[in-house]
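Examination of the molecular architecture
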Amino acid sequence: MGRLLIKLIGLILLFIGLYFFGQNIIFVSSYYSYFYGRLPATASVLTTMTGVFALVFFRRETGNLGWIFLGIGIVLVFLSGGVILKPTSLWNFIIAFATLAAGYKLLNEGRINF
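Values in this document were obtained by computation on a predicted structure and should not be read as measured data. (Residues numbered from 1 in each chain as written. Predicted model: local features only at pLDDT ≥ 70, side-chain atom pairs only at ≥ 80, totals over all residues. Heavy atoms only, no water.)

1. A closer look at the overall build of the chain
Each helix and strand in the chain was counted, giving five helices and two strands. Going from the N terminus to the C terminus, the chain shows its helices and strands as α-β-α-α-α-β-α. Residues classed as buried in the chain amount to 20% of the 114 residues present. Expressed as a percentage of contacts within the chain between residues at least 6 apart in sequence, the contacts between residues at least 24 apart total 74%. Surface accessibility of the chain: about 8700 Å² in total, with carbon and sulfur atoms responsible for 74%. (Helix = DSSP H or I, 4+ residues; strand = E, 2+ residues; numbered from the N terminus. Buried < 20%, exposed > 50% of the residue type's maximum accessible area, 1.4 Å probe, protein only. Contact = heavy atoms within 4.5 Å. Areas by Shrake-Rupley, 256 points an atom, 1.4 Å probe, with all protein chains shown as cover.)

2. A few points about the environment of Ala-98
With respect to the helices, strands and loops of the structure, Ala-98 is situated in helix 5 (residues 90-108). For the pair formed by Ala-98 and Leu-13, sequence separation is 85 residues and the distance between their alpha carbons is 9.1 Å.

3. Thoughts on the confidence of the model for the chain
In this model, the chain carries a mean pLDDT of 79, and residues with pLDDT of at least 70 account for 82%. Taken element by element, the predicted model of the chain shows its lowest mean pLDDT in strand 2 (residues 83-85) (69) and its highest in helix 1 (residues 2-22) (87). (pLDDT = per-residue confidence, 0-100.)

4. Some thoughts on the packing of aromatic side chains
This model, assessed by the stated rule, comprises four aromatic pairs. Clustering of aromatic rings is evident, with ring pairs tying together Phe-21, Phe-93 and Phe-97. (Phe/Tyr/Trp six-rings, centres within 6.5 Å; stacked < 30°, edge-to-face > 60°.)

5. Considering the pattern of salt bridges
One pass over the full model with this rule turns up one salt bridge. A salt bridge links Lys-105 to Glu-109; the nearest nitrogen and oxygen atoms lie 3.0 Å apart. On the accessibility criterion, Glu-109 (40% relative accessible area) is partly exposed. (Salt bridge = Lys/Arg side-chain N within 4 Å of Asp/Glu carboxyl O.)

6. Points about the side chain of Thr-99
Within the element layout of this structure, Thr-99 appears in helix 5. Within the structure, Thr-99 has its side chain in polar contact with the backbone nitrogen of Gly-17 (distance 3.4 Å). Residues in contact with Thr-99, not counting those within four places in the same chain, are Leu-13, Leu-14, Ile-16 and Gly-17. (Polar contact = N/O pair within 3.5 Å; in protein donor to acceptor, adjacent residues only side chain to side chain.)

7. Concerning helix 1
An ideal rise of 1.5 Å per residue puts 30 Å on 21 residues; helix 1 measures up with 30 Å between its terminal C-alpha atoms. If you follow the buried residues of helix 1, they end up packed against helix 5. (Expected span 1.5 Å × (residues − 1).)

8. What about the packing of helix 1 against helix 5?
For the pair helix 1 and helix 5, the least separation of the axes is 7 Å and the interaxial angle reads 150°. On the basis of the axis angle, helix 1 is roughly antiparallel to helix 5. Regarding helix 1 and helix 5, the two cross each other, and that crossing is left-handed. Looking at the contact of helix 1 with helix 5, its residues break down into 18 nonpolar, six polar and one charged. (Axes fitted to C-alpha atoms, helices over the stretch in contact; angles between N-to-C directions. Parallel < 35°, antiparallel > 145°, perpendicular 65-115°, else oblique. Left-handed = near helix turned anticlockwise from the far one by under 90°. Nonpolar A, V, L, I, M, F, W, Y, C, P; charged D, E, K, R; others polar.)

Here it is as structure tokens:
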């Protein structure tokens, strides 16, 4: 029962860290009057979906191909101009990173080494 509680606390801390990081990221889209203007945004969504799908459902068959698609999708999101990063304070960044790291360590190892 104790191990399950530690993993649950780690998962909660992981989500809190993602929430703090996610508050400073804005995803936007805009209307383009020509077809090829939407191409980078469409390609980023399709490659990200392909990467996640390959990692979730075909992990053994695809190997690192899912990670490659996911990386290309993330790069295309930033190249398409659809991501705006808001300025953040150092304190907010430290809290977000600490909760993310602590949650990951608790979820994987069950303890935090100082």
